[in-house]
2 protein chains.
Amino acid sequence: MNRHIVTLAICTVLLGAGVRAGAQPDPLPSWNDGAAKQAIIEFVKGTTTEGSQKFVPPAERIATFDRDGTLWVEHPIYTQVVYCLDRVPAVVKPKPALAKVEPFKTVLSGNREAIAKLSMNDLVKILAATLSGMTVDEFTAEAKAWLESAKDPRWKRPYTELTYVPMLEVLKYLRANGYRTYIVTGGGQDFVRVYADRMYGIPPEQVVGTMGGTKYGYDKDGHPILTKEPKPLLNDDNAGKPEGIHLMIGRQPHAAFGNSTGDRQMLEYTKAGDGERLAMLVLHDDAKREYAYGPARGLPDTRVGAFTPALADEAKSKGWIVISMKDDWKRIFAFEE
Amino acid sequence: MNRHIVTLAICTVLLGAGVRAGAQPDPLPSWNDGAAKQAIIEFVKGTTTEGSQKFVPPAERIATFDRDGTLWVEHPIYTQVVYCLDRVPAVVKPKPALAKVEPFKTVLSGNREAIAKLSMNDLVKILAATLSGMTVDEFTAEAKAWLESAKDPRWKRPYTELTYVPMLEVLKYLRANGYRTYIVTGGGQDFVRVYADRMYGIPPEQVVGTMGGTKYGYDKDGHPILTKEPKPLLNDDNAGKPEGIHLMIGRQPHAAFGNSTGDRQMLEYTKAGDGERLAMLVLHDDAKREYAYGPARGLPDTRVGAFTPALADEAKSKGWIVISMKDDWKRIFAFEE
């Protein structure tokens, strides 16, 4: 036992020396120097330095990230909605009567203009039909296959490549400093779990999303199955985000990242906690490399990623730091030269 | 960088030697040698030895534990129900009309026999009244204060001392081997979170329980608050256990521990996964040191901790291992001599 402790002590000293001997690499190489990058680094240093007034114990190091528009492209239409529209023919096939009923009729017509005009109510019907009725395993296999084959029309690349490299660096940097990183998304929890681990290093238990019920039962061989039900449990958007965080995590995050009015309550809730807290908003102001919408083009966008002028004012007054994609990010995607 | 790697390599070798030099301490000292103890040790060794056919990657190492009757005493009445009954006067105080209405009238009468006869429906009314309407922070403070002062009538000790030491050892042993340990309980998620960390080393995000909705809003100073609503989301018992595991964790556990028919679906779901899985049931057969009920006294108990004869048969046929409190546990509580 004694020998083991001595060995450990020697190792601790040697490892310390080893770390000090190397130069500190930049943890955020895809970020330009500026207020946003500095805020992240100062937050991490302050909350992880023992003896610092800003110190946060490891168990309480929770950081939450919105997904669409914060970790990957959401414009002009959420990827999960594309998935649901693409799934309509498969859902209609065994139930041909559906093909004559709205909104399925419009989706099957392929008329893009008409599809774009579908109401939120129509979308809810499509989501319910395409995201429930199958087992959890079937759903995962279907979504995985789709994500491997479907391509974004602008970049002609799988959606999974439309991830923001600077945000991947933030995730890694936080995790290297003892933070547990969660996705907190208005998207479907089970859908995001299909690729969150591979794309962001975020395991299924750290994905908080819009939740539906499942039903435990048995297949024809008596093997247990969970079937996805069209039973909403929590709409994880707007006020639903802090509600979802309480349900799934039970702690107030110390850092939160979003990009739209759907994230404002999450940022507010995060900043309301004691001690050091970081709240950041990604601003889509780079029409050339990605998209420009919200205040960047002077218009509130009520459909996708609404970064309204009111949200910009609130960010300023409450100390939420805005990340300019144009100015703060050296590069956006891994596939850029 | 090179120097760092060399140092790390040296340390790995030294540490390995250090560990080998010390004698392996028994990870389960409160367990008698027998099939139950052996099954746990073989499961941990098999699933954590690289190259073993039973190996489970660290990310997938999830173990779930029922609480009442598995981690602490549940007899003769669930602690959370005692809490709710104790809270009734405080709930009635600002609403005196309630005092004349059943089931509150019976609870306030203090007539133990009449209280014991309250129906499940009555209990649901009491639970709703005592577990909602306050903010999450108020609820946590109230439950914490109660747990610090209330005492079990048999042992005259705080309920938090009625924890099974052998199960604490299993929790620690699993965690030391890379398992994440979750509580999966029919009890209220927020109630169990109040003490799970201190009692079992299980943080709030690893407590899966019966869930109710919260509502995000503001106090009179405009500070964000979450208020507990009487809105059931998931009854985390019976089939609700695998449903809750999917919702909160998104993975099938590799090990599950329970003690009653409320756990049978969790054990079944756990064993249905690929690869090595462990399912165990605590049998209350020690009337002297704790209680004897279920098949131990030859009677099905439908109210609390129903370990029915049918469950015992199922355990035998499906390879779920029964833990006899009488035979497998050297000691049960920390306060024993």
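Everything below is about the structure printed above this text.
Residues numbered from 1 in each chain as written. Chains lettered and ligands numbered in written order. Predicted model: local features only at pLDDT ≥ 70, side-chain atom pairs only at ≥ 80, totals over all residues. Heavy atoms only, no water.

A. Broad picture of the overall build of chain A. Helices and strands together make up the secondary structure of chain A, namely 13 helices and seven strands. Its C-alpha radius of gyration of 22 Å places chain A within 12% of the 20 Å reference for a compact globule of 337 residues. For chain A, the proportion of its 337 residues judged to be buried stands at 52%. Across chain A, the fraction of contacts at a sequence separation of at least 24, relative to all contacts at a separation of at least 6, is 66%. Averaging the coordinates of the 43 positive side-chain charges in chain A and doing the same for the 42 negative ones gives two points 2 Å apart. (Helix = DSSP H or I, 4+ residues; strand = E, 2+ residues; numbered from the N terminus. Rg over C-alpha atoms; globule rule 2.2 N^0.38 Å. Buried < 20%, exposed > 50% of the residue type's maximum accessible area, 1.4 Å probe, protein only. Contact = heavy atoms within 4.5 Å. Lys, Arg positive; Asp, Glu negative; His and termini not counted. Charge placed at Lys NZ, Arg CZ, Asp CG, Glu CD.)

B. Focus on the sheet that holds strand β6 (residues 278–283) of chain A. Judged by pairing direction, the sheet is mixed, and its seven strands sit side by side in the order β4-β3-β2-β1-β5-β6-β7 (chain A) without closing on themselves. Looking at strand neighbours, the two that pair on one side only are β4 (224–234) and β7 (321–324) of chain A, the edges of this open sheet. Direction aside, neighbouring strands of the sheet carry axes that sit 35 degrees apart on average. Alignment of β6 of chain A against β7 of chain A, held across four bridges, turns out to be parallel. Considered in β7 of chain A, the bridge of Leu 281 of chain A is made with Val 322 of chain A. Contacts from helix α11 (residues 264–271) of chain A reach β1 (62–65), β2 (180–188), β5 (255–258) and β6 of chain A, with the element oriented near 165 degrees to β5 of chain A. Helix α10 (residues 240–248) of chain B contacts β3 (207–218) and β4 of chain A of the sheet and is inclined by roughly 155 degrees relative to β3 of chain A. (Pairing = 2+ DSSP bridges. Axes fitted to C-alpha atoms, helices over the stretch in contact; angles between N-to-C directions.)

C. The arrangement of the pairing of β1 of chain A in detail. All names here are of chain A. Side chains Ile 62 and Thr 64 project from β1 onto one buried face, and the interleaved Ala 63 and Phe 65 project onto a second face that is buried too. Pairing geometry for β1 and β2, over four bridges, is parallel. Across the sheet, Ala 63 pairs through a bridge with Thr 181, a residue of β2.

D. Quick look at the packing of aromatic side chains. All names here are of chain A. According to the stated counting rule, one finds 32 aromatic pairs over all chains in the structure shown. The interplanar angle of 15 degrees and the centroid separation of 5.4 Å between the aromatic rings of Trp 146 and Tyr 159 together place this pair among those described as stacked. Of this pair, Trp 146 sits in helix α7 (residues 136–149) while Tyr 159 sits in the loop between α7 and α8 (165–176), placing them 13 residues apart in sequence. For Trp 146, a relative accessible area of 9% puts it in the buried group. (Phe/Tyr/Trp six-rings, centres within 6.5 Å; stacked < 30°, edge-to-face > 60°.)

E. Examining the pattern of salt bridges more closely. All names here are of chain A. Within the structure shown, the criterion is met by 36 salt bridges over all chains. For Asp 26, the salt bridge identified is with Lys 37, shortest N-O distance 2.8 Å. Here Asp 26 is found in the loop between α1 (2–21) and α2 (35–48), whereas its partner Lys 37 is found in helix α2, with eleven residues between them in sequence. Between Asp 66 and Lys 241 there is a salt bridge, with its nearest N and O atoms 2.9 Å apart. In this pair, Asp 66 sits in the loop between β1 and α3 (79–92) while Lys 241 sits in helix α10 (residues 240–248), placing the two residues 175 residues apart along the sequence. Residue Asp 66 shares its accessibility class with Lys 241, and that shared class is buried. (Salt bridge = Lys/Arg side-chain N within 4 Å of Asp/Glu carboxyl O.)

F. Up close: the packing of helix α2 (residues 35–48) of chain B against helix α8 (residues 165–176) of chain B. All names here are of chain B. Contact geometry for α2 and α8: axes closest at 10 Å, N-to-C directions at 15 degrees. Taken together, the axes of α2 and α8 are roughly parallel relative to one another. The interaxial crossing formed by α2 with α8 has right-handed handedness. From α2, Ile 40, Ile 41, Phe 43, Val 44 and Lys 45 reach across to α8, where they touch Val 170, Tyr 173 and Leu 174. (Parallel < 35°, antiparallel > 145°, perpendicular 65-115°, else oblique. Left-handed = near helix turned anticlockwise from the far one by under 90°.)

G. Seen up close, the environment of Asn 121 of chain B. If you trace the backbone, Asn 121 of chain B turns up in helix α6 (residues 120–131). Here the alpha-carbon distance between Asn 121 of chain B and Pro 103 of chain B, two residues 18 residues apart in the chain, equals 9.3 Å.

H. Spatial organisation of the sheet that holds strand β3 (residues 207–218) of chain B. With mixed pairing, the seven strands of this open sheet are ordered in space as β4-β3-β2-β1-β5-β6-β7 (chain B). Strand pairing shows two members of the sheet lacking a second neighbour, β4 (224–234) and β7 (321–324) of chain B, which therefore form its edges. On average, each strand axis in the sheet is inclined to that of its neighbour by 35 degrees, with strand direction left out of account. Pairing analysis gives three bridges linking strand β1 (residues 62–65) of chain B to strand β5 (residues 255–258) of chain B, with the strands arranged parallel. By the bridge assignment for β5 of chain B, Thr 64 of chain B is matched with Ala 256 of chain B. Along the sheet, α10 of chain A makes contact with β3 and β4 of chain B, crossing β3 of chain B at roughly 155 degrees.

I. Focus on the side chain of Glu 268 of chain A. Examined against the element boundaries, Glu 268 of chain A turns out to sit in helix α11. Looking at Glu 268 of chain A, its side chain comes within polar contact range of the side chain of Tyr 216 of chain B, at 2.6 Å. If we ignore the near neighbours within four places in the chain, the residues touching Glu 268 of chain A are Glu 314, Lys 318 and Trp 320 of chain A together with Tyr 216, Tyr 218 and Pro 224 of chain B. (Polar contact = N/O pair within 3.5 Å; in protein donor to acceptor, adjacent residues only side chain to side chain.)

J. Spatial organisation of helix α7 (residues 136–149) of chain B. Residue and element names in this part refer to chain B. Helix length check: α7 (14 residues) gives 20 Å between terminal C-alpha atoms against 20 Å at 1.5 Å per residue, within 8%. Within α7, burial applies to Val 136, Phe 139, Ala 143, Trp 146 and Leu 147. Down the axis of α7, the smallest arc covering the buried residues is 100 degrees, so these residues share one side. Looking at α7, the residues exposed on the side facing more than 90 degrees away from the buried face are Asp 137, Glu 148 and Ser 149. (Expected span 1.5 Å × (residues − 1). Arc of directions from axis to C-beta.)

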